[in-house]
Amino acid sequence: MMIEEHDDLTQKMEGRTQENDEHKILEWIKCRIKATKFDASLWCEEHSKILREFLLQPSTFSFFVTVDQTLNELIVCCRTPPKPSTGRIDVTYFVKAEGHIITHTSVDKIIYGTIAMRQNASSVLKIMETVLYPNIFHYDKWNKSSKQELLGLYHRFMASLTESANEECGKTTKLYLPLRDDIFIDDDIAPHDKNVIQNLEAIVIHWIRQIKEALTSPEHSISLDFHGPMEELQFWEDRAKDLDGISKQLQDAEVTHILNYLKTTNSKYLKTLEHLTMALSEGAREAAKNVKFLKLLQNPCDQLSSLDVAEMPSVMMCFLNCVRLIHLHSTNYGTTERITDLIRRVSSEIVENCSNKISLDDIFYGDHSKAKTSLHNCIKCGNIWKQTYDRMAVTVNKHKERNGSAVEYWKLSDPSIFAEIDAFAQRCDDLIEICDNRFQFLQLLCPRVLLQSREGRMVGGVNGHVIENSITLIQDGFKNQIERLRKLDYFILDVRESRWYADYSSFKYAVKVSSLNGEYERCCTKTWALK
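Novice: How should the packing of aromatic side chains be read in this particular structure?
Specialist: How two aromatic rings sit relative to each other is given by the distance of their centres and the angle of their planes. Taken as a whole and judged by the stated rule, the model has nine aromatic pairs. On the numbers, 5.6 Å between centres and 25 degrees between planes, the contact of Phe54 with Phe63 is stacked. Arranged with centres 6.2 Å apart and planes meeting at 25 degrees, the rings of Tyr504 and Phe507 form a pair that is stacked. Placement of the pair is Tyr504 and Phe507 together in helix H17 (residues 499–512), with a separation of three residues, close to one helical turn.

Novice: I keep staring at the packing of helix H10 (residues 298–306) against helix H12 (residues 336–357) and nothing clicks. Help me out?
Specialist: What describes two packed helices is the angle between their axes and the distance between those same axes. Here H10 crosses H12 at 20 degrees, and the two axes come no closer than 9 Å. When the axis of H10 is compared with that of H12, the two are roughly parallel. For the pair H10 and H12, the crossing hand works out as right-handed. Contacts between H10 and H12 pair Cys301, Leu304 and Ser305 from the former with Glu349, Ile350, Asn353 and Lys357 from the latter. For the contact of H10 with H12, a count of residues per class yields three nonpolar, two polar and two charged.

Novice: In this structure, what is going on with the packing of helix H6 (residues 194–215) against helix H9 (residues 270–294)? I would like to understand it.
Specialist: Viewed as axis vectors pointing N to C, H6 and H9 meet at an angle of 30 degrees, and their least axial separation amounts to 10 Å. On the basis of the axis angle, H6 is roughly parallel to H9. In the packing of H6 onto H9, the handedness of the crossing is left-handed. Note on element contacts: H9 touches H6 through Thr272, Leu273, Leu276, Ala279 and Leu280, opposite Val204, Trp207, Ile208, Ile211, Lys212 and Leu215. Residues belonging to the contact of H6 with H9 are distributed by class as follows: nine nonpolar, one polar and one charged.

Novice: Explanation requested: helix H2 (residues 45–56) in the structure shown.
Specialist: What sets the pattern is the α-helix's 3.6 residues per turn: residues three or four places apart point alike. Between its first and last C-alpha, H2 extends 16 Å over 12 residues, near the 16 Å set by a 1.5 Å rise per residue. For H2, the set of buried residues is His47, Ser48, Ile50, Leu51, Phe54 and Leu55. One side of H2 holds all its buried residues, which, seen down the axis, span an arc of 160 degrees.

Novice: Would you mind going over the side chain of Gln481 with me for this structure?
Specialist: Locating Gln481 in the fold gives a position in helix H16 (residues 464–486). Assessed through its relative accessible area of 19%, Gln481 is described here as buried. When residues no more than four places from it in sequence are discounted, the contact partners of Gln481 are Ser506, Phe507 and Ala510.

Cut-off values and rules
Residues numbered from 1 in each chain as written. Predicted model: local features only at pLDDT ≥ 70, side-chain atom pairs only at ≥ 80, totals over all residues. Heavy atoms only, no water. Phe/Tyr/Trp six-rings, centres within 6.5 Å; stacked < 30°, edge-to-face > 60°. Helix = DSSP H or I, 4+ residues; strand = E, 2+ residues; numbered from the N terminus. Axes fitted to C-alpha atoms, helices over the stretch in contact; angles between N-to-C directions. Parallel < 35°, antiparallel > 145°, perpendicular 65-115°, else oblique. Left-handed = near helix turned anticlockwise from the far one by under 90°. Contact = heavy atoms within 4.5 Å. Nonpolar A, V, L, I, M, F, W, Y, C, P; charged D, E, K, R; others polar. Expected span 1.5 Å × (residues − 1). Buried < 20%, exposed > 50% of the residue type's maximum accessible area, 1.4 Å probe, protein only. Arc of directions from axis to C-beta.

Structure representation (structure tokens):
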């Protein structure tokens, strides 16, 4: 009897000990959950059951915790991470070695961390550096050859990942640097270690590719087309910053240490890197000079954006004087092709500022007379810009004839200089025609023309109701066409948008269609006769 009582007491004590152990582990887990909006009050018994599976089942080696902020609900699961959703920002993970059972004495063997639910290159980079690297390459039980083989693959991947992370953030080019402990085991032995040499040369090859891409990036890429001189200035500022940043990185102590190390091995890649280093310095100087000259156009651009369309011609000569100065003194803009491109960018700047002054609401539903005035002013502004250029070209060429200057001579016949101006003027003409059609279909058929009879009808007489119905149909049909144009899913003042031609042709066809046009003529004749 006493033996049975002793066994019961022992079982109770073991149960209490197990409960205490579970409580300690649970508290350890909770303290390390860094998921956004996590609160211990959200934890329930169901979550504890899932945790026990992770701790006690040898085949379960991962455990995840996140908070769905939309539902204010704690999500806990094993093996498979929770699916991303709008309310789930990040997830805390716990990982153990497969086949292990976790107790309060071995809980510190669990690997844990918190990562974003929607991964990008930067978050993956952080995981690689803080989680994967220390738990693999600092693991003592791996042999040296296995580590070296994996280390080479790791550095190749990290070099590309670092580049992607910087591109995502819009930062300048960053050269990947390995941890020094990975490469330099012993200065006396390292030069004879082929694995070390291969890993270093693979990194230098990646640097060479990055530098070549930075140097050969298109000076006037497609993304810069139809953009003004301030976008050109921004391009050169970014380029100067990028090239100068790479040059400074190549002077960093760690990079210098790697390059000096490779010199002892007579690496064939060092000569290529030296040539690229000189090209970087030259490219950075060229970009800085371009920035200095293009800043001359900053003040005219600021003035242009602050003026009404009718006042814009007042700064056009200032633009051309600045362009002339750049053409004379800048080596980069001394060629016909480059100065042609710069004048084309000024044309784009004028078009953009004119577009910003046009009210599409006035064109479709507002004061059509005000809208027409604005559109006519835009067309006039473009014509004055072309005339101002012609006058400047005559002045420049007379100066060339007097002084025999072979550098300064403007005879720019490239049609792209004013192509955007001409296309914009045509788009304005199209919108003026829409304003005229509005007046024709909605104004001439409105109260000024239509007569209000004593019976309450707009048009009296035997056929008055027929005329009224026809007028209503005409107006509704035209309003539908106007609404269709207003709801187009692109900016109709963007001259690069080719869909406008088809949409505008459809509008014109609807206006001129025989049935609609016949009703309009018949209604106008009868209403004017009644008047």
